[in-house]
Amino acid sequence: MSTEHHTPAEEVAQLANPSAPADAIPAVDPRLLVREQGLSGYLSEFGRKMKAGDLGSVPVVIGLIVICGIFQGLNANFLSPENLTNIAITMVATGMMAVGIIFVLLLGEIDLSVGSVSGVSGALFAVLAVTHGVNQWVSILAAVAAGALIGAIHGFFFARIGAPAFAVTLSGLLFWSGAMLQILGSNGTINIDPDGPVGQLTTYFFTDVAAGYGLAAVAVIGYFLASYFDNRRRQAAGVPSRPVSEIALRTGLLALFTFGPAAVFNQYKGLPLAVVLFVLVLVGTDFVLRRTSFGRSIFALGGSVEASRRAGINVTGIRIAVFAIAGTFAAVGGLFWASKIAAANQSAGAGDLLMNVIAAAVIGGTSLFGGRGRTWNALLGVMVITSIQYGLALQGIATPIQYMITGAVLLATVVIDSVTRKTQKTAGRA
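Residues numbered from 1 in each chain as written. Predicted model: local features only at pLDDT ≥ 70, side-chain atom pairs only at ≥ 80, totals over all residues. Heavy atoms only, no water.

Undergrad: Please clarify how the packing of aromatic side chains should be interpreted in this entry.
TA: The description of two aromatic rings rests on the distance between their centres and on the angle between their planes. In the structure shown here, the tally under the stated rule is eight aromatic pairs. Ring geometry for Tyr-204 and Phe-206: centres 5.3 Å apart, planes at 85°, overall edge-to-face. Looking at Tyr-204, the relative accessible area reads 37%, which means it is partly exposed. Put simply, the rings of Phe-224, Tyr-228 and Phe-229 pair up and form one aromatic cluster. (Phe/Tyr/Trp six-rings, centres within 6.5 Å; stacked < 30°, edge-to-face > 60°. Buried < 20%, exposed > 50% of the residue type's maximum accessible area, 1.4 Å probe, protein only.)

Undergrad: Sorry if this is basic, but what is going on with the nonpolar core here?
TA: One recurring pattern in soluble globular proteins: nonpolar side chains tend to sit buried together. Counting residues in hydrophobic clusters, the biggest one holds 83 residues, and the most contacted among them are Phe-125, Phe-278, Ile-298 and Phe-336. At 14 residues, helix H4 (residues 81-106) tops the list of elements feeding residues into this core. With near-sequence residues (within four places) excluded, Phe-125 lies in contact with Val-130, Gln-136, Ser-139, Ile-140, Ala-143, Ile-192, Val-198 and Leu-335. (Core = buried A, V, L, I, M, F, W, Y, C linked by side-chain atoms within 4.5 Å. Helix = DSSP H or I, 4+ residues; strand = E, 2+ residues; numbered from the N terminus. Contact = heavy atoms within 4.5 Å.)

Undergrad: Could you clarify how one ought to interpret the packing of H4 against helix H14 (residues 353-363) in this entry?
TA: In contact at an axis separation of 8 Å, H4 and H14 are set at 65° when each is read in the N-to-C sense. The crossing of H4 and H14 is right-handed. Where H4 approaches H14, its residues Thr-94, Met-97, Ala-98, Ile-101, Ile-102 and Leu-105 are matched on the opposing element by Leu-353, Asn-356, Val-357, Ala-360, Ala-361 and Val-362. (Axes fitted to C-alpha atoms, helices over the stretch in contact; angles between N-to-C directions. Left-handed = near helix turned anticlockwise from the far one by under 90°.)

Undergrad: What is the right way to read the environment of Phe-205 from this model?
TA: On the secondary structure map, Phe-205 appears in strand S2 (residues 205-206). Given the relative accessible area of 13%, Phe-205 is considered buried. Each C-alpha atom, one on Phe-205 and one on Val-275, is 9.7 Å from the other, the two residues being 70 residues apart in sequence. Setting aside residues no more than four positions away along its own chain, Phe-205 makes contact with Thr-85, Ile-89, Lys-269, Gly-270, Leu-271 and Pro-272.

Undergrad: What is the right way to read helix H7 (residues 165-184) from this model?
TA: Owing to its 3.6 residues per turn, the α-helix aligns residues three or four sequence positions apart on the same side. For H7, built from 20 residues, the straight-helix expectation of 28 Å at 1.5 Å per residue is met to within 8% by its first-to-last C-alpha distance of 28 Å. Along H7, the residues that are buried comprise Ala-165, Val-168, Thr-169, Gly-172, Trp-176, Ala-179, Met-180 and Leu-184. Angularly, the buried residues of H7 cover 110° about the axis, an arc narrow enough to put them on a single face. In this structure, H7 carries Leu-174, Phe-175 and Gln-182 as exposed residues pointing more than 90 degrees from its buried face. One or two positions beyond H7, positive phi appears at Gly-185, with a value near 80°. (Expected span 1.5 Å × (residues − 1). Arc of directions from axis to C-beta.)

Undergrad: Any chance you could explain a nonpolar patch on the surface here in plain terms?
TA: A contiguous nonpolar patch, built from Leu-149, Ile-153, Phe-156, Phe-157 and Ile-161 and spanning about 470 Å² of accessible area, is present on the exposed surface. Positionally, Ile-153 belongs in helix H6 (residues 136-161). (Patch = residues over 30% accessible without salt bridge, like charges linked within 9 Å, V, L, I, M, F, W, Y side chains within 5 Å. Areas by Shrake-Rupley, 256 points an atom, 1.4 Å probe, with all protein chains shown as cover. Salt bridge = Lys/Arg side-chain N within 4 Å of Asp/Glu carboxyl O.)

Undergrad: Before we go on, may I ask you to explain helix H5 (residues 114-131) in this structure?
TA: For H5, spanning 18 residues, the distance from its first C-alpha to its last is 25 Å, which sits close to the expected 26 Å at 1.5 Å a residue. Within H5, 14 of the 18 residues are buried, which leaves it mostly tucked inside the rest of the structure. Remark: Gly-133 follows H5 within two positions and exhibits a positive phi of approximately 70°.

Undergrad: Would you mind showing me how to read the layout of surface pockets here?
TA: The space that makes up the second largest pocket amounts to roughly 420 Å³. Around the second largest pocket, the lining comprises 27 residues; the ones closest to its centre are Thr-94, Trp-337, Ala-350, Asp-352 and Leu-353. Secondary structure elements with two or more residues in the lining of the second largest pocket: H4, H5, helix H13 (315-341), strand S4 (343-345), H14 and helix H15 (376-394). Grouping the constituent residues of the lining of the second largest pocket by class yields 13 nonpolar, twelve polar and two charged. (1 Å grid on protein atoms, 1.4 Å probe; cavity = no way out; pocket = protein on both sides within 12 Å on 5 of 7 lines; lining within 4 Å. Points joined across faces, edges and corners; volume = space filled by probe spheres on them. Nonpolar A, V, L, I, M, F, W, Y, C, P; charged D, E, K, R; others polar.)

Undergrad: Before we go on, may I ask you to explain the confidence of the model for the protein chain in this structure?
TA: The predicted coordinates of low-pLDDT regions are not to be read in fine detail. On average, residues of the protein chain carry a pLDDT of 84, and 84% of them reach 70 or more. With pLDDT under 50 throughout, residues 1-20 is counted as low confidence; its partners more than four residues away or in other chains account for 26 contacts. With pLDDT under 50 throughout, residues 22-29 is counted as low confidence; its partners more than four residues away or in other chains account for ten contacts. (pLDDT = per-residue confidence, 0-100.)

Undergrad: Whenever I open this one, the packing of helix H10 (residues 273-291) against H15 confuses me. Can you help?
TA: Two packed helices can be described by the angle between their axes and the distance between those axes. Closest axis-to-axis distance for the H10/H15 pair is 8 Å, and the angle between their directions is 140°. Considered as vectors, H10 and H15 are oriented oblique to each other. Contacts between H10 and H15 involve Phe-278, Leu-282, Val-283 and Asp-286 on the former and, on the latter, Trp-376, Ala-378, Leu-379 and Val-382. Residue composition of the contact of H10 with H15, by class: seven nonpolar, no polar and one charged. (Parallel < 35°, antiparallel > 145°, perpendicular 65-115°, else oblique.)

Written as structure tokens, this is what we have:
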């Protein structure tokens, strides 16, 4: 009677290949053993990824630390609670739009219309709520629905008609910019109610210190409980699971990144509503991408359209839905911009907004080539973009120089992405 024991990962491999002899050594993907090996396994996995060129978010995190260090050295006010709070609030509008762009980039496509869509949505809200006196909540729903419809129209021409997404959305950029000017009329600017729901998107703060710390505590406790019970389920199923020490370490890191910002916000005006909404969007969209069949279909399309079609994925429907999502978040971002300037005007959606949205997604780690990225990349990328802008502004650097520096950072990120893909192909991971 054999007394040989197998690890859960080996048992999974045996189940996957029942025809193999019971005493044979199964071919197990080393990544399945990571959880069994604990922290040492993750360190080995991290080293393997670095050698294979799978850098993940490491470059952008290091870059953000360097940026903060440089600007803090140049101006002691850069890391002040007031400046950090202003950065956090300002980045939300661009970040919301970057979330939508990430969905499109995961397909390996691009949407050049998000800036003008944000402008036309903000203008539509202002005209309905201010000019025509429509209920503000109804006006918000109309503006967001308009963004979704516009995105679906773009997706229809791309997915159903077969027109290139670049050409379709470039046409949309021009068309919806003109539509925004037409909606705003000859005046060109419509001031919104600063005490209304849109006006308070970027001006409302939860002033009670318990709000910030309470939300951080809920996030940390919720993460720990979710991880713990997920581990219990995995152990019961006999598949690799995280050791308790790793769960504790991850929970501690999350506590650092939640209670830290909460302490900073509480030193100024409190927890900004805009930041709370942005985090909720990131959590929700990340769940959709990683935990639903819809999200997995998006990644599959970004990897291979033909393989996805043969697997039974509704390619046309997914593509239209993704562009509708991009339009929806463009509209939401437009409302945040209207809140920031307390008005809808002709400059909305213009200037460097489109560049910053795409740059935020790409700098954060989303690949331009499709199939790789997470919505949390929007947070990292927009933090880099907005930190650079605020840091340069504190130094009195002219806007043209800000454009040049931001463009150089974007180019460096694209180069890193391209080199990473080549390295992964060489390592057999692409």
